[in-house]
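# Fold and geometry: a report
One-letter residues, chain by chain:
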2 protein chains.
Amino acid sequence: MPDLAICAKESDSIIMDNFPFSLRTLNLKVTPKRLAILAILMEETVYLSPEEIWGKMKRRFKRIGLPTVYRNLEELSEGNIISKVNHPNRKLYYYLCKNQSHHHHFICLSCRKVEDINFCAAKKINKEVKTKLKGKVISHILQVNGLCKTCSKKSDI
Amino acid sequence: MPDLAICAKESDSIIMDNFPFSLRTLNLKVTPKRLAILAILMEETVYLSPEEIWGKMKRRFKRIGLPTVYRNLEELSEGNIISKVNHPNRKLYYYLCKNQSHHHHFICLSCRKVEDINFCAAKKINKEVKTKLKGKVISHILQVNGLCKTCSKKSDI
DNA sequence: GTATAAATAGAAATGATTTCTATTTAATAT
DNA sequence: ATATTAAATAGAAATCATTTCTATTTATAC
Ligand SMILES: [Zn+2]
Ligand SMILES: [Zn+2]
Ligand SMILES: [Zn+2]
Ligand SMILES: [Zn+2]
């Protein structure tokens, strides 16, 4: 189905084109390095570490500091443009999800693939917190860790 | 209601009494230090950092190393006797929940209070991962971060 | 263009967590 | 009780992912 592939690429570029707007909305300047970080993440179906992103940035810029990568990833994540992965190894990983609507992720602990889980308990949870606990929700984490289809087959052997 | 208080204490000691059994089930030796860590966590309604637990341990033992605290907390958490908190500041915190059944937590980012959320999407999620993604679930995180009743009132001012 | 605040490079520091080895201890079998 | 053995521990030291710092550069608004 070449149509699907073309379609996917078009929608990708639509997302890419919107990054400057998204950045400005967050009061972040539209710098070449910010856009490059987003472009790098756009190309991936797996979550990446700051150091790995730095490695890819070094191919595009002759001067690029690791702190810049860390800072930008944190800002982009804070602004909900990218998402942070809660890895059991407690290291930082980031992922850019093309799916704009609120949802959560299944992450593969082996190959790092990320897949969408079209399920969110937010409404029920917010209700329970509000009525029963009388608290104020700031954020919620829902993440499923495991082995993707391919990796679970491998470990079957 | 003094009855409730007594009842609560009795149920606590029932849990306490079961720790040696739980530890043996996990092939962990029943050491005074393990039991003390559990006793310290039992007394708390808030999550504690390893360093804070170490501080309390130093009152009970004249020789007690911080690595011992870290190691034990990790083992107990791995064995599901205690639960790890996913704090936005990315530091380690642990909590011992008296509620034995599977559930999740609302954590206060201000006073560190932990409250139960009697809701879990595990069944739905497992089903979605199994049927749609054909993956294997290893673990899932569901945690709600916010301000508890008391703390959200304070920040209203 | 100019002004200004934000972003960045690069070096350096940080500090929570982990690793290491010698010693001690709990559990089990005499 | 005593001996045996594997697990647990103390304390010092190392690790290293992440953050901080300051001078310089750059995006943006006028
Ligand atoms: Zn995989
Ligand atoms: Zn997604
Ligand atoms: Zn609170
Ligand atoms: Zn609980």
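For the structure itself, consult the block above.
Quick summary incoming for the structure in this document.

### A closer look at the protein's contact with DNA strand C
Lys33(A), Arg63(A), Thr68(A), Arg71(A) and Tyr70(B) are the nearest of the 23 residues found near DNA strand C. Protein-adjacent atoms of DNA strand C, using a 4 Å cutoff, are sugar or phosphate at a proportion of 76%. Within the contact set of DNA strand C, a phosphate oxygen lies 2.9 Å away from a side-chain nitrogen or oxygen of Thr31(A). Here a phosphate oxygen of DNA strand C and a backbone polar atom of Gly65(A) are 2.9 Å apart. Those elements giving two or more residues to the surface near DNA strand C turn out to be α2 (32-42) and α4 (66-78) of chain A together with α4 (66-78) of chain B. At 4 residues, the largest contribution of residues to the surface near DNA strand C is made by α4(A). A class-by-class count of the residues in the surface near DNA strand C yields 9 nonpolar, 5 polar and 9 charged.

### Some details on the packing of helix α2 (residues 32-42) of chain B against helix α3 (residues 50-60) of chain B
All names here are of chain B. In the contact formed by α2 and α3, the axes pass within 10 Å of each other and the chain directions differ by 120 degrees. Looking at the two axes, α2 sits oblique to α3. Handedness of the α2/α3 crossing: right-handed. Facing Lys33, Ala36, Ile37, Ala39, Ile40 and Leu41 of α2, the residues of α3 in contact are Ile53, Lys56, Met57 and Arg60. Class assignment of the residues belonging to the contact of α2 with α3 gives a composition of 7 nonpolar, no polar and 3 charged.

So, how was this worked out
Here, residues in each chain are numbered from 1, in the same order as that chain's written sequence. Key to labels: chains lettered from A, ligands numbered from 1, both in the order written. With the structure being a predicted model, the display of local features is reserved for residues of pLDDT at least 70 and the display and counting of side-chain atom pairs for 80 or more, all residues being used for whole-chain, interface and lining totals. Side-chain measures here rest on the full set of heavy atoms in the structure, leaving out hydrogens and waters. In these notes, residues near a molecule or strand are those with any non-hydrogen atom within 4 Å of it. Under this definition, polar contacts are N or O atom pairs within 3.5 Å; protein pairs additionally need one hydrogen-donor-capable and one acceptor-capable atom, and for neighbouring residues in sequence, both atoms have to be side-chain atoms. The helix and strand labels rest on DSSP assignments: H or I over at least four residues marks a helix, E over at least two residues marks a strand, and numbering proceeds from the N terminus. The residue classification treats Ala, Val, Leu, Ile, Met, Phe, Trp, Tyr, Cys and Pro as nonpolar and Asp, Glu, Lys and Arg as charged. All others, Gly included, are polar. Each axis is a line fitted through C-alpha atoms, taken for helices only over the stretch in contact, and angles between the N-to-C directions span 0 to 180 degrees. For this classification, under 35 degrees means roughly parallel, over 145 means roughly antiparallel, 65 to 115 means roughly perpendicular, and everything else is oblique. In this scheme the crossing of two helices becomes right-handed for a clockwise turn of the near helix relative to the far one and left-handed for an anticlockwise turn of less than a right angle. The criterion used for residue contact is that any of the two residues' heavy atoms lie within 4.5 Å.

Interpretation in functional terms is not warranted from these geometric data alone.
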